[in-house]
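Read off the chains here:
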Amino acid sequence: MFASTSCHRPSLRRVVAVLALGLAAPLALAEIHIGVTLSTTGPGASLGIPAEQALKMWPAEMAGEKLRFTILNDGTDTTTATKNTQRLIVEDKVDIIIGSSVTPTSLAVVETAGSAQVPVVSLAGGGAIVLPQDGPRKWAFKLSPTEAISIGLVFDHLQKMKGKTIATIGISTSYGEGFLKATEAIAAQRGVRILTSERYNPTDPSVTAQVLKLLAANPDAIYIFAAGTPGALPQIELARRGYKGLVYQTQGVANNDFLRVGGKDLEGGYMTVAPVLVADQLPDANPMKKAALDFVQRFEAKQGPGSRSLFAATAWDALLIVQQAAREALKKAKPGTPEFRAALRDAIEGLHDFVGSEGVYNMSASRLMHS
């Protein structure tokens with residue numbers, strides 16, 4: 001009797017252990033899976049690297065649930081961005097995608113993800129990422145101000161300085177083309193004359209021929225449409241050839257690598273940027289100051305004094321927005337399901353007066369406002 005009893009006790013303990021594990025399983029937290037594709041190499045690396053640094057600062061949970069990232073590098077290449085997106089959707093089964101860093105790769109991400117009904121928050125600036133709001137773009141969101149907002153600020157300053165004519169030079173990508181098209185439309189409305197427009201490739205080693213044409217037109221100002229360190233090339237050439245007019249850049253070059261590459265040849269230029277880069281100079285009444293300072297302090301504690309980055313802040317705001325949307329989506333569905341992805345999309349689209357480090361966001365099916 002005693003032998004028989006002692007022989008069966010281990011089996012009983014194993015059964016109890018298995019039952020205990022089985023009872024514990026349903027109590028496990030759901031997991032939100034965010035897929036990311038960034039340009040951490042190639043011409044967009046100065047945008048992608050700080051964005052990755054910001055994403056890695058986020059804790060291992062979101063909206064009370066466990067959080068997992070899958071981060072891939074697309075090398076600023078549209079084909080790789082497409083492959084990354086396909087992998088994130090098919091193999092990793094992510095709930096949402098953040099990326100990419102520049103407009104051409106973001107367009108590739110949106111086309112693939114939107115077709116699969118996976119929401120995308122792009123970190124790039126081109127309006128073509130979200131407009132018009134049809135097809136795959138219904139699943140896409142971007143956080144940078146529209147071209148019209150940036151261009152309007154440039155023309156306000158130009159006309160304040162009594163300028164009446166401009167020339168433009170931009171990278172021959174959807175980002176550069178989008179800014180050129182918007183500038184042409186707004187210039188006509190504002191009575192500003194565009195004398196000539198030049199283009200160059202982000203990987204070109206020289207823009208001498210294009211700059212000579214700009215100088216020959218003798219404009220009051222030159223507007224450069226570029227993203228990352230390639231934006232320094234025209235401004236360096238203009239400075240070395242003695243151009244004395246106004247030089248404007250977009251927010252696509254707002255990082256320390258651009259300043260490092262351009263050096264003293266960038267002095268005197270202007271760019272439109274989000275307030276996060278001057279967070280400590282904002283008046284206390286500014287609604288963004290608290291969020292902007294919070295991000296700057298967090299980021300510089302990790303990366304060092306003076307390391308603040310517009311593109312890191314954009315990635316951080318993307319996570320803040322996804323977290324807010326996840327709180328709403330979790331009321332309707334569980335992560336890992338089509339219903340949760342759809343609920344995330346709807347919740348992002350419904351954001352109003354959401355304060356981030358770069359601005360106050362209002363989104364809808366017909367517009368994106370960023371103040």
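Summarised in this report is the structure supplied together with it. All values reported here derive from a predicted model rather than from experimental measurement.

## Overview of the overall build of the protein
(1) Moving on: The helix and strand inventory of the protein stands at 12 helices and 14 strands.
(2) Moving on: For the protein, the spread of C-alpha atoms along the principal axes amounts to about 105 × 45 × 40 Å.
(3) Moving on: The contacts in the protein between residues at least 6 apart in sequence include a share of 66% that link residues at least 24 apart.
(4) Moving on: Surface accessibility of the protein: about 17000 Å² in total, with carbon and sulfur atoms responsible for 56%.

## Quick notes on the packing of helix H7 (residues 208-217) against helix H8 (residues 232-240)
(1) Moving on: Look at H7 against H8: their axes get within 10 Å of each other, and the N-to-C directions meet at 55°. Taken together, the axis directions place H7 and H8 in an arrangement best described as oblique. With respect to the hand of their crossing, H7 and H8 are arranged in right-handed fashion. Facing Thr-208, Val-211 and Leu-215 of H7, the residues of H8 in contact are Pro-234, Glu-237 and Leu-238.
(2) Moving on: Partitioning the contact of H7 with H8 into residue classes produces 4 nonpolar, 1 polar and 1 charged.

## Considerations on the packing of aromatic side chains
(1) Moving on: Tallying each qualifying case throughout the model produces 8 aromatic pairs.
(2) Moving on: Each residue in the set Tyr-175, Phe-179, Tyr-223, Phe-225, Tyr-248 and Tyr-270 is aromatic and connected to the rest through ring pairs, giving one cluster.
(3) Moving on: A cation over an aromatic ring shows up here: Arg-345 above the ring of Trp-139, its NZ or CZ 5.9 Å from the ring centre.

## What to know about the pattern of salt bridges
(1) Moving on: Applying the stated criterion across every chain yields a total of 18 salt bridges.
(2) Moving on: A salt bridge links Asp-284 to Lys-289; the nearest nitrogen and oxygen atoms lie 2.8 Å apart.
(3) Moving on: Look at the salt bridges and you will find they share partners, linking Glu-31, Lys-66 and Arg-68 into a network.

## Concerning the nonpolar core
(1) Moving on: Core analysis: the largest hydrophobic core is formed by 81 residues, its most contacted members being Ile-34, Ile-98, Phe-155 and Phe-295.
(2) Moving on: Among the elements that make up this core, the one with the highest residue count is helix H11 (residues 310-329) (13 residues).
(3) Moving on: Here Phe-295 is in contact with Ala-54, Val-276, Ser-309, Ala-312, Ala-313, Trp-316 and Ser-357, once residues within four sequence places are set aside.
(4) Moving on: Leu-72, Val-94, Ala-124 and Ile-129 belong to the second-largest nonpolar core, a separate cluster that totals 16 residues.

## Let's talk about the sheet that holds strand E9 (residues 221-225)
(1) Moving on: Reading across the sheet, the 5 strands line up as E8-E7-E9-E10-E11 and stay open at both edges, with parallel pairing between neighbours. The outermost strands of the open sheet, each flanked by one partner alone, are strand E8 (193-200) and strand E11 (270-271).
(2) Moving on: For E9 and strand E10 (residues 246-249), the ladder comprises 4 bridges, and the chain directions are parallel. Residue pairing across strands places Ala-221 opposite Leu-246, the latter belonging to E10.
(3) Moving on: Set on the sheet, helix H5 (residues 147-160) makes contact with strand E7 (165-171), E9, E10 and E11; between it and E10 the angle comes to about 165°.

Rules used in this analysis
Residues numbered from 1 in each chain as written. Predicted model: local features only at pLDDT ≥ 70, side-chain atom pairs only at ≥ 80, totals over all residues. Heavy atoms only, no water. Helix = DSSP H or I, 4+ residues; strand = E, 2+ residues; numbered from the N terminus. Contact = heavy atoms within 4.5 Å. Areas by Shrake-Rupley, 256 points an atom, 1.4 Å probe, with all protein chains shown as cover. Axes fitted to C-alpha atoms, helices over the stretch in contact; angles between N-to-C directions. Parallel < 35°, antiparallel > 145°, perpendicular 65-115°, else oblique. Left-handed = near helix turned anticlockwise from the far one by under 90°. Nonpolar A, V, L, I, M, F, W, Y, C, P; charged D, E, K, R; others polar. Phe/Tyr/Trp six-rings, centres within 6.5 Å; stacked < 30°, edge-to-face > 60°. Lys NZ or Arg CZ within 6 Å of the ring centre and 35° of its normal. Salt bridge = Lys/Arg side-chain N within 4 Å of Asp/Glu carboxyl O. Core = buried A, V, L, I, M, F, W, Y, C linked by side-chain atoms within 4.5 Å. Buried < 20%, exposed > 50% of the residue type's maximum accessible area, 1.4 Å probe, protein only. Pairing = 2+ DSSP bridges.

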